[in-house]
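An overview of the molecular structure
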Amino acid sequence: MIAEAGLIALWLAASMAFLQFALSAIGLVKGQDELFKAIRPVAIAQGVLVAISFLLLVWLFVRSDMSVKLVVANSVAIKPLIYKISGAWGNHEGSMLLWIAIMGVAGACIGIFERNLKQKTLVTTLGAQAFISIGFYAYLLIASNPFERIFPVPADGQGLNPLLQDIGLALHPPTLYIGYVGLSIAFSFAVGAMITRDVGPEFAKAMRPWVLGAWVFLTLGITAGSYWAYYELGWGGWWFWDPVENASLMPWLAATALLHSVTVLATRDGLRAWTLMLAVVAFSMSMIGTFLVRSGVLTSVHAFAVDPERGSFILALLAIYIGGAMALFALRVGSVKEGSQFEPVSREGALVANNLLLSAILGIVFIGTLYPLFVEGMSDEMISVGPPYFNLATGPIALILVAIMAAGPLLRWRRDSAKALLNRISIPVFLTAAALFALVLFTTSMSVLPLVGMALAAGIAVASFAPLWKRNLRRTPMHTYGMIIAHFGIAVALVGMASETSFTEERLVAATPGDEILVNKWKIKFEAIEPVAGPNWTALEARVTAQYADETIHEIAPQNRMFASAQMQTSEAALLTRWNGQLYVVLGDSDEQGRWQLRIWWKPFVTLIWYGGVLIALGGLLAMIGRLRRASHQKKQRAYAEAMI
Amino acid sequence: MNRWLLWVPLVLFGIFFAVVAAGLIRPKDNIIESKMIGKPIPEFVLPAAIEQRPALSQADLATGKPQLLNIFASWCVPCIAEAPQLLELERAGVQINGIASRDTPQDIANFLNRWGNPYVRIGTDMRSIVQLELGSSGVPETFVIDGNGKIVHQHVGDIRKEDVPALLEILESAG
Amino acid sequence: MTKLFALIALLLAAPVAAQNALPAAPYAHQQLDDPVQEEKARSLMEELRCLKCQSQSIADSDAPMAGDMRSQVRERIAAGATPEEVRSWLIERYGDWVTYNPPVNAVTGPLWIAPIVLLILAIWLARGRFRRRKNNQKDAS
């Protein structure tokens with residue numbers, strides 16, 4: 001009965017969403033305030049019901065209930081618990097239910113926690129949120145019911161793809177989804193604000209924590225996804241500019257621009273229309289990304305069982321929501337006042353530059369990702385757009401962007417002088433110049449982008465801490481620390497990227513046990529090869545010892561795994577991490593002379609890429625907490641002041 | 001802000017929608033067509049794959065009579081599916097040349113014993129060299145070559161029953 | 001996370017074991033002795049698209065045919081061909097699809113112009129705003 005209960009909960013949640021939308025729409029049109037009072041409880045009920053529905057699906061997977069079609073297709077009875085749970089969203093229907101569940105819970109959170117917004121804006125926001133949800137409920141209930149039963153009941157399930165049985169891949173989708181759906185709240189806020197024409201600092205302050213929260217999860221999701229691709233796939237790459245990766249990068253770029261523009265709106269009441277547009281674009285990119293991944297329109301038929309019906313359904317939803325929001329923008333924003341004015345050399349000026357450059361990068365990634373599809377549609381030609389294009393087109397802009405990032409926080413709001421800025425930023429500029437000089441002098445093989453990137457990173461690393469200069473460290477607000485850490489994280493990641501790109505050493509060898517291979521300062525010895533067995537795989541494991549300079553000898557064991565059930569072979573790379581980089585060893589096949597293929601990389605400072613990503617997310621988290629604390633503090637003060645009167 | 005500027009996002013989304021909708025409707029075949037169609041067959045010499053059939057070079061393909069060049073492998077499942085059609089073409093008097101891709105003589109012999117041998121010559125392409133020269137991206141693939149050794153047609157994937165008349169027609173018009 | 005699906009598809013599409021029974025082409029897994037040549041070959045291989053796996057470079061692909069392509073690339077570069085010659089040799093056979101670095105031509109023109117147009121648009125938007133603001137200030141005063 002669990003499956004039926006889940007389905008009923010889902011239907012009830014869908015009706016709550018409908019009620020929520022109807023209440024807000026009727027209330028707004030008729031101006032009946034008493035209807036508004038019911039909205040918060042309805043939003044909370046929707047969140048609770050959809051969460052129950054999702055938890056019941058997880059419970060079905062945990063129990064391995066083989067009378068449910070989805071469980072049969074994606075699980076087996078003998079499997080570690082964690083992968084049974086992750087199996088619930090490791091498939092199409094389940095992941096869509098997870099999406100809508102996060103969305104419902106987020107709506108409930110607005111209902112519970114949001115106390116700063118004007119009632120009308122809040123009601124419109126919740127109405128917009130419900131309107132989006134209705135589409136996804138319809139999609140789930142009509143086109144992909146996760147609770148469908150199967151008859152006759154099979155003895156066991158078909159199992160989850162072995163490659164997906166990885167802790168990273170189990171947690172990766174929920175992380176990204178929380179980020180995507182968090183942006184749906186910014187979207188609803190924007191739609192609400194456009195309908196009520198209530199755009200101003202209060203609106204920006206209410207939206208900001210949600211944007212920051214979503215952005216933190218997106219950052220973590222992308223960082224983690226990049227690391228898992230790096231170690232799981234065994235190709236040593238951390239970013240491939242693959243359509244699916246771009247699909248997750250685009251919302252991040254829009255969200256990054258949004259969280260900076262929202263600051264301008266909150267502080268200086270400027271960039272009103274622009275911020276609204278970004279809020280719409282950010283969630284649109286999330287939906288487009290999900291669509292591109294799920295519909296298989298950009299990937300080959302060989303990779304996905306393409307379901308045009310489902311693809312068309314999501315595309316129709318996109319047309320309603322994105323098209324609707326953009327039409328609303330065009331119709332309404334003309335009457336939203338522009339906001340206050342500002343000078344080119346000022347904090348706002350730098351933030352405008354940040355926004356425009358981020359948008360340019362977003363535009364390039366978007367065009368580059370979809371262009372092959374466009375060409376195929378318009379002609380018989382087929383083209384590929386990959387790393388050479390994206391690196392060349394976005395790299396220089398990204399470097400200008402990070403240079404502005406170093407200067408921006410040192411500028412004053414309203415008006416500043418270029419001379420004063422140069423004065424403040426002289427040390428980072430000097431450091432960058434010195435680093436550039438040293439790199440040109442002492443390295444031979446660096447190409448322009450990594451060279452400039454690394455030199456800039458030296459300056460940014462210092463400049464990011466400059467806002468603390470001559471300030472009382474204990475009285476500096478938490479969100480300022482958040483910004484400092486996030487900007488410092490960019491510098492850290494930049495060093496990692498430049499270093500990996502320029503200084504990686506690769507060695508391919510055909511080795512027999514006993515052979516010694518030298519890579520950089522590493523002495524690597526191929527000791528033996530032996531078979532090992534896991535729960536649902538067997539593997540050939542190479543026993544390899546590695547020694548850096550004269551330090552202790554470490555043992556590592558790259559594997560070549562064969563999964564019996566799925567008839568597939570995966571390569572398990574062995575990684576050895578030092579403070580100054582990673583040794584990456586992959587075992588290949590054997591040749592006719594009994595030699596084994598070993599692919600060995602020494603990647604200096606590669607880990608900084610992901611440490612940088614984590615720092616960026618941490619900075620976002622601190623900023624969010626700082627903002628929330630300040631908001632509640634101010635509210636208490638106001639309440640206190642009122643009580644005194 | 002200019003009024004018309006506000007409509008730009010919607011227009012851009014419209015373009016995106018059109019491109020993606022067209023992509024969704026269009027049947028996805030993902031066939032990478034060879035750009036060598038219409039060009040003379042590139043120079044190559046392949047050793048014989050099995051003892052019973054002679055080796056293959058590009059000179060054997062320009063004999064004044066249109067021929068088929070079929071790329072196959074014993075490890076390729078669709079190649080089994082198309083075997084009856086190749087035999088049918090052979091019975092229709094078509095001269096079929098084979099290129100065995102990444103295969104061993106023993107496996108090729110077994111494969112031909114089991115599924116029939118429609119080939120007059122079979123070259124063995126152990127390292128996909130000729131395949132790359134031809135602009136072929138997989139197995140099975142079949143090229144129609146005219147009497148002057150020019151590639152006139154490429155058939156990607158297995159030859160189905162319904163493809164046979166079309167292939168015969170192309171051979172006919174190439175002659 | 002992402003290429004995974006391509007990889008899965010590749011593994012399902014081709015009976016790997018059978019094709020691997022054959023020894024790999026000489027330079028599929030072997031580097032060139034000359035580090036300068038190897039570096040040229042490596043960066044070219046990262047830009048060439050694997051024919052069978054749809055969304056990977058031949059440098060990253062475990063498909064046997066990608067190995068054959070790597071070997072061809074290395075052999076040709078060792079024989080003195082420039083990376084651009086090797087690239088155009090493949091483009092001649094497979095079209096622009098084979099390279100991740102789209103050559104500039106009528107089809108890809110808009111793609112290459114896009115970044116420049118977007119930058120100009122960004123500068124124009126920014127300038128427009130600031131200039132108008134100054135005018136507004138004058139009006140106000």
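Residues numbered from 1 in each chain as written. Chains lettered and ligands numbered in written order. Predicted model: local features only at pLDDT ≥ 70, side-chain atom pairs only at ≥ 80, totals over all residues. Heavy atoms only, no water.

Right, let's talk about the overall build of chain A for a bit. Assigned secondary structure in chain A consists of 19 helices and ten strands. Compactness check: chain A gives a C-alpha radius of gyration of 27 Å against a globular reference of 26 Å for 645 residues, within 12% of the reference. Its C-alpha atoms give chain A principal-axis dimensions of about 85 × 75 × 60 Å. Classification of the 645 residues of chain A by burial places 59% in the buried group. (Helix = DSSP H or I, 4+ residues; strand = E, 2+ residues; numbered from the N terminus. Rg over C-alpha atoms; globule rule 2.2 N^0.38 Å. Buried < 20%, exposed > 50% of the residue type's maximum accessible area, 1.4 Å probe, protein only.)

Take the pattern of salt bridges next. Should the charged atoms of two oppositely charged side chains come close, the side chains can pair. Evaluated as defined, the whole model comprises 28 salt bridges over all chains. Residue A:Glu343 pairs with A:Arg415 through a salt bridge whose shortest N-O separation is 3.6 Å. Taken as a pair, A:Glu343 in the loop between α12 (308–332) and α13 (347–378) and A:Arg415 in the loop between α14 (387–407) and α15 (418–424) lie far apart in primary sequence, 72 residues in all. A salt bridge links C:Asp68 to B:Arg102; the nearest nitrogen and oxygen atoms lie 2.6 Å apart. You can see C:Asp68 sitting in helix α4 (residues 64–78) and its partner B:Arg102 sitting in the loop between β4 (96–101) and α3 (105–115), one on each of two chains. Judged by its relative accessible area of 5%, B:Arg102 is buried. (Salt bridge = Lys/Arg side-chain N within 4 Å of Asp/Glu carboxyl O.)

Right, let's get into a positive patch on the surface. A cluster of basic side chains, namely A:Arg115, A:Lys205, A:Arg630, A:Lys635 and A:Arg638, defines a positive patch on the protein surface. If one sorts the elements of the positive patch by residue count, helix α19 (residues 608–644) of chain A sits on top with three residues. (Patch = residues over 30% accessible without salt bridge, like charges linked within 9 Å, V, L, I, M, F, W, Y side chains within 5 Å. Areas by Shrake-Rupley, 256 points an atom, 1.4 Å probe, with all protein chains shown as cover. Lys, Arg positive; Asp, Glu negative; His and termini not counted. Charge placed at Lys NZ, Arg CZ, Asp CG, Glu CD.)

Looking now at the sheet that holds β4(B). Residues and elements named next belong to chain B. Read across the sheet, five strands follow the order β5-β4-β3-β6-β7 without closing on themselves; strand pairing throughout is mixed. Each having just a single partner strand, β5 (119–125) and β7 (151–156) make up the two edges of the open sheet. Strand after strand, the sheet turns through a mean of 20 degrees between neighbouring axes, direction not considered. Pairing analysis gives five bridges linking strand β3 (residues 67–72) to β4, with the strands arranged parallel. Counterpart to asparagine 70 in the pairing with β4 is glycine 98. (Pairing = 2+ DSSP bridges. Axes fitted to C-alpha atoms, helices over the stretch in contact; angles between N-to-C directions.)

Opposite the 29 residues of chain C that make contact, chain B presents 25 residues. Buried surface at the junction of chain C and chain B, both sides included, amounts to about 2300 Å², of which 60% is carbon and sulfur. Interface area lost by chain C to chain B is led by C:Leu22, C:Arg93 and C:Tyr94, which between them contribute 29%. For the pair chain C and chain B, the interface holds four salt bridges. One salt bridge connects C:Glu75 with B:Arg127, and the closest N-O pair in it is separated by 2.3 Å. Summed over the shared surface of chain C and chain B, the result is eight residue pairs in polar contact (both at pLDDT 80 or more). It is α4(C) that provides the largest number of residues to the side of chain C that touches chain B, a total of eight residues. Looking at the side of chain C that touches chain B, its residues break down into 16 nonpolar, five polar and eight charged. (Contact = heavy atoms within 4.5 Å. Buried area = accessible area lost by both parts, 1.4 Å probe. Polar contact = N/O pair within 3.5 Å; in protein donor to acceptor, adjacent residues only side chain to side chain. Nonpolar A, V, L, I, M, F, W, Y, C, P; charged D, E, K, R; others polar.)

Looking now at the domain arrangement of chain A. Residues and elements named next belong to chain A. Domain parsing of chain A yields domain 1 (1–165), domain 2 (186–419), domain 3 (425–503 + 607–621 + 632–644) and domain 4 (510–604). In this structure, domain 2 and domain 3 have C-alpha centres spaced 21 Å apart. Contact with domain 2, which involves 23 residues of that partner, is made by 24 residues of domain 3. Taken together, both faces of the contact between domain 2 and domain 3 bury some 2000 Å²; the carbon and sulfur share is 85%. (Domains from an automatic or database assignment.)

Let's shift gears to the nonpolar core. Counting residues in each nonpolar core, the largest one holds 170 residues, and the members touching the most others are A:Trp99, A:Phe136, A:Met207, A:Leu276, A:Phe291, A:Leu318 and A:Tyr389. The biggest single contributor to this core is helix α9 (residues 201–233) of chain A, with 16 residues. With sequence-adjacent residues up to four places away left out, A:Tyr389 is seen in contact with A:Ile364, A:Gly368, C:Tyr100, C:Asn101, C:Pro102, C:Leu111, C:Trp112, C:Ala114 and C:Pro115. Grouped together as the second largest cluster of nonpolar side chains are 38 residues, B:Leu68, B:Ala73, B:Val94 and B:Ile108 included. (Core = buried A, V, L, I, M, F, W, Y, C linked by side-chain atoms within 4.5 Å.)

With that settled, consider the sheet that holds strand β9 (residues 581–590) of chain A. Residue and element names in this part refer to chain A. Strand order in the open sheet formed by four strands is β1-β10-β9-β8, and the pairing between neighbours is antiparallel. Looking at which strands have only one partner, the edges of the open sheet turn out to be β1 (505–511) and β8 (574–578). Taken over all neighbouring pairs, the strand axes of this sheet differ in orientation by 15 degrees on average, direction set aside.

All names here are of chain A. The geometry of helix α10 (residues 243–268) relative to helix α11 (residues 272–295) is characterised by a closest axis approach of 8 Å and an angle of 165 degrees between their N-to-C directions. Here α10 is positioned roughly antiparallel relative to α11, judged by the angle of their axes. Between α10 and α11 lies a crossing whose hand is left-handed. Counted together, Val244, Ala247, Met250, Pro251, Ala254, Ala255, Ala257, Leu258, Ser261, Val262 and Leu265 of α10 and Arg272, Trp274, Thr275, Leu278, Ala279, Val281, Ala282, Met285, Ser286, Gly289 and Val293 of α11 form the full contact between these two elements. When grouped by side-chain class, the residues that make up the contact of α10 with α11 number 17 nonpolar, four polar and one charged. (Parallel < 35°, antiparallel > 145°, perpendicular 65-115°, else oblique. Left-handed = near helix turned anticlockwise from the far one by under 90°.)

Residues and elements named next belong to chain B. Inspection of every chain in the model, using the stated rule, returns one disulfide over all chains. Each sulfur in the disulfide pair cysteine 76 and cysteine 79 lies 2.1 Å from the other. The S-S bond linking cysteine 76 to cysteine 79 shows a torsion near 90 degrees; that makes this disulfide right-handed. Of the two residues, cysteine 76 and cysteine 79, neither departs from the other in class, the shared state being buried. (Disulfide = S-S within 2.5 Å.)

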